[in-house]
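A closer look at the structure
One letter stands for each residue in the lines below.
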Amino acid sequence: MSEDELLALIARHLPASTATVPTGDDCAVLAPKGEVAISTDILVENVHFRRDWSSGADIGWRCVMQNVADAAAMRARPMSFFVAMTIPENVTADWVEDFSWGLREACDHLYSLSGPIAIDGGDLSRGPIIVAAGTVVGDMEGREPVLRSGARPGHKIVHTGNLGASARGYELIQAGKTGKAVRLFLRPEPPVNRAIGVGATAMMDVSDGLVRDCRRIAKASGVALELDSALVTAAASPDVTLEQALYGGEDHGFLATVDGPVPDGWNEIGRVVEGTGVLVDGKQVDAMGGWDHFG
Ligand SMILES: Nc1ncnc2c1ncn2[C@@H]1O[C@H](COP(=O)(O)OP(=O)(O)O)[C@@H](O)[C@H]1O
Ligand SMILES: Cc1ncc(C[n+]2csc(CCOP(=O)(O)OP(=O)(O)O)c2C)c(N)n1
Ligand SMILES: [Mg+2]
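Residues numbered from 1 in each chain as written. Chains lettered and ligands numbered in written order. Predicted model: local features only at pLDDT ≥ 70, side-chain atom pairs only at ≥ 80, totals over all residues. Heavy atoms only, no water.

With an unreviewed UniProt entry as reference, the chain is termed Thiamine-monophosphate kinase, source organism Flaviflexus ciconiae. Word for word, the UniProt comment on the chain under Catalytic activity (unreviewed entry) is "thiamine phosphate + ATP = thiamine diphosphate + ADP". UniProt, in the comment section headed Sequence similarities (unreviewed entry), describes the chain in these words: "Belongs to the thiamine-monophosphate kinase family." (UniProt positions renumbered as here; feature names shortened; annotations may be inferred.)

Here it is in structure tokens:
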């Protein structure tokens, strides 16, 4: 199959674009309403996914979702998406078509949460394994970006999303089991609408684990984040252990700090205090915990 035929297979399922110039030319040209937020994240075969666990559509879905979560964590509305891929010889055209169907399913799901988003470009190359690098363009639409540096003592720590579900799903799938947590591990569902709509002082999506990501906000803000284990357990997905909730990543739910009441759809999990690092029930957590590609 030629590169152009492969591209045609991918294009077959993509949603309609409102870009001034959509995919097909040297660049896409976009017309956002406000400032632009851009983020990129890769999925690498056997690091982020296994082909015997995930279908092509699962990977397409995840490629979109893990990126749009970063845009939403700034309060940008995801509007445009780019996918650069390497594809090995042993991947079938059916797999590639299925991947593109997963992109489409993710875009349709997002339409209902935050409005239209299109795949406006990408790249294809032969490579030894599957790598899918996604880039999201988000439209700030006049909103101020929420940084990691705005947490102050007295603010509440809040979370929305499927806390710990991916970690539980990862453990279940390794044991050959199925269930809702496995489905969420394969297809994370970041509640992007809640992130875009929140009045937060600091925010990020949780990709590497709650404690590790709290540490990032703590460091950027020059404060300590104190988690309450009972609140974390109450906020976590069904049957999730405290360990999975604190250290599991890849849920792409949102961790935020707020100066005021807990927003609708969010759960309080702790508070911002003076100091450094992360505490759980008043005790400093020394271990980094969570996921580190190079640790
Ligand atoms: N190779 C790179 N070159 C430049 N900046 C990078 C690179 N890799 C990561 N970053 C930046 O470092 C920050 C942290 O990255 P990462 O931990 O991957 O964030 P996230 O969990 O939001 O994907 C981000 O601002 C990201 O853009
Ligand atoms: C086959 C397989 N092994 C292990 C994992 C677990 N895992 C891989 S990467 C990762 C952390 C998140 O990925 P990262 O690239 O750090 O995302 P980012 O922080 O850049 O958004 C986790 C928990 C997995 N998803 N699949
Ligand atoms: Mg990243």
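Text resumes after the structure shown.
**Topic: helix α7 (residues 210-221)**
Residues spaced three or four apart along an α-helix point in a common direction, a consequence of the helix completing one turn every 3.6 residues. Taking 1.5 Å of rise per residue, the 12 residues of α7 would be expected to cover 16 Å, and the 16 Å separating its terminal C-alpha atoms lies within 8% of that figure. Of all the 12 residues making up α7, 9 are buried; the element is thus mostly covered by neighbouring parts of the structure. In the segment just after α7, Gly-222 is the residue with positive phi, at about 70°. (Helix = DSSP H or I, 4+ residues; strand = E, 2+ residues; numbered from the N terminus. Expected span 1.5 Å × (residues − 1). Buried < 20%, exposed > 50% of the residue type's maximum accessible area, 1.4 Å probe, protein only.)

**Quick word on unusual backbone geometry**
In the Ramachandran plot, Glu-250 falls in the positive-phi region, its phi being about 70° despite a non-glycine side chain. As for its placement among the helices and strands, Glu-250 is situated in the loop between α9 (242-247) and β8 (254-258). Not every positive phi belongs to a glycine, and His-252 is a case in point at roughly 55°. For His-252, the position within the fold is in the loop between α9 and β8.

**A word on the sheet that holds β8**
Here we have 7 strands laid out as an open sheet, ordered β6-β8-β5-β9-β7-β10-β11, and mixed in their pairing. Unpaired on one side and paired on the other, β6 (202-205) and β11 (283-284) mark the two borders of the sheet. (Pairing = 2+ DSSP bridges.)

**Concerning the packing of helix α2 (residues 56-72) against helix α3 (residues 93-114)**
Put simply, α2 and α3 touch, their axes get as near as 6 Å, and they point 40° apart. Comparing the axis directions of α2 and α3 gives the class oblique. Judged by the sense of rotation from one axis to the other, the crossing of α2 with α3 is right-handed. Residue-level inspection shows Gly-56, Ala-57, Ile-59, Gly-60, Trp-61, Val-64, Met-65 and Val-68 of α2 in contact with α3, the latter providing Trp-95, Asp-98, Phe-99, Gly-102, Leu-103, Glu-105, Ala-106, His-109 and Leu-110. (Axes fitted to C-alpha atoms, helices over the stretch in contact; angles between N-to-C directions. Parallel < 35°, antiparallel > 145°, perpendicular 65-115°, else oblique. Left-handed = near helix turned anticlockwise from the far one by under 90°. Contact = heavy atoms within 4.5 Å.)

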